[in-house]
Every structure is written in structure tokens, then in C-alpha cells.
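Reading the structure
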Amino acid sequence: MYVCLCKAVTQQQIEQAVEQGDSYAQIRQKLGVGTDCGCCGQSAKQMIREHTSRL
Ligand code: FES
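Read on for a plain summary of the structure. (Residues numbered from 1 in each chain as written. Predicted model: local features only at pLDDT ≥ 70, side-chain atom pairs only at ≥ 80, totals over all residues. Heavy atoms only, no water.)

The secondary structure content of the protein chain amounts to 3 helices and 2 strands. The helix and strand sequence of the protein chain, counted from the amino end, reads β-β-α-α-α. By the compact-globule yardstick of 10 Å for 55 residues, the protein chain fits well, its C-alpha radius of gyration being 10 Å. Across its three principal axes, the protein chain shows a C-alpha extent of roughly 30 × 15 × 15 Å. Going through the 55 residues of the protein chain one by one, you find that 36% of them count as buried. Counting contacts in the protein chain only where the partners sit at least 6 residues apart, residues at least 24 apart contribute 48% of the total. Counting only carbon and sulfur atoms, one obtains 47% of the accessible surface of the protein chain, whose full area is about 3,600 Å². Charge centroids of the protein chain, computed over 6 positive and 5 negative side chains, lie 6 Å from each other. (Helix = DSSP H or I, 4+ residues; strand = E, 2+ residues; numbered from the N terminus. Rg over C-alpha atoms; globule rule 2.2 N^0.38 Å. Buried < 20%, exposed > 50% of the residue type's maximum accessible area, 1.4 Å probe, protein only. Contact = heavy atoms within 4.5 Å. Areas by Shrake-Rupley, 256 points an atom, 1.4 Å probe, with all protein chains shown as cover. Lys, Arg positive; Asp, Glu negative; His and termini not counted. Charge placed at Lys NZ, Arg CZ, Asp CG, Glu CD.)

So this is what it looks like as C-alpha cells:
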């Protein structure tokens, strides 16, 4: 499932980055999440929080 349509970033890519210890800022920098229209930012942050709590 795409989380960020502008940068074509999937939930799986974000979860893998979280598993490698990346923060939202690092994921934003590496994958470009939230760097275009910005509308995915809140949902990406929520996804990172939820996945972090499952680790
Ligand atoms: Fe992620 Fe636009 S949907 S920056």
C-alpha cells in the first residue's frame, strides 16, 4: 500500500526503515516521504509510531 503517492513510498518501505532504526526525519530524508505535497506526513508518523511499538 502506498503511503506517499507523490514519492511512491509504500508502507513496507517505511516499516523496513523503522526496523533499521530510522526516525521520521531520517525516513523523510531517505525516501522523500512528506517532502512534496506534505499530506502523507501525519499518516506516515502514525504508521512509524505503531510499527515502533510492535518491535
Ligand atoms: Fe507524500 Fe505528497 S503524498 S508528499
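What the rule picks out here adds up to 2 salt bridges. The residue Arg54 makes a salt bridge to Glu15 at a minimum N-O spacing of 3.7 Å. Of this pair, Arg54 sits in helix H3 (residues 41-54) while Glu15 sits in helix H1 (residues 11-19), and the two are 39 residues apart along the sequence. Exposure remark for Glu15: the relative accessible area of 17% places this residue in the buried category. Residue Asp22 is joined to Lys30 by a salt bridge in which the shortest nitrogen-to-oxygen separation is 2.7 Å. (Salt bridge = Lys/Arg side-chain N within 4 Å of Asp/Glu carboxyl O.)

Among soluble globular proteins, nonpolar side chains are generally buried collectively. Residues Ile14, Ile27, Val33, Ala44 and Ile48 are the most contacted members of the largest nonpolar core, which totals 13 residues. Mapped onto this core, the elements with two or more residues apiece are strand S1 (2-4), H1, helix H2 (24-31) and H3. With residues up to four places along the chain from it excluded, the contact list for Ile14 reads Val3, Val9, Ile27, Leu31, Val33, Ala44, Met47 and Ile48. (Core = buried A, V, L, I, M, F, W, Y, C linked by side-chain atoms within 4.5 Å.)

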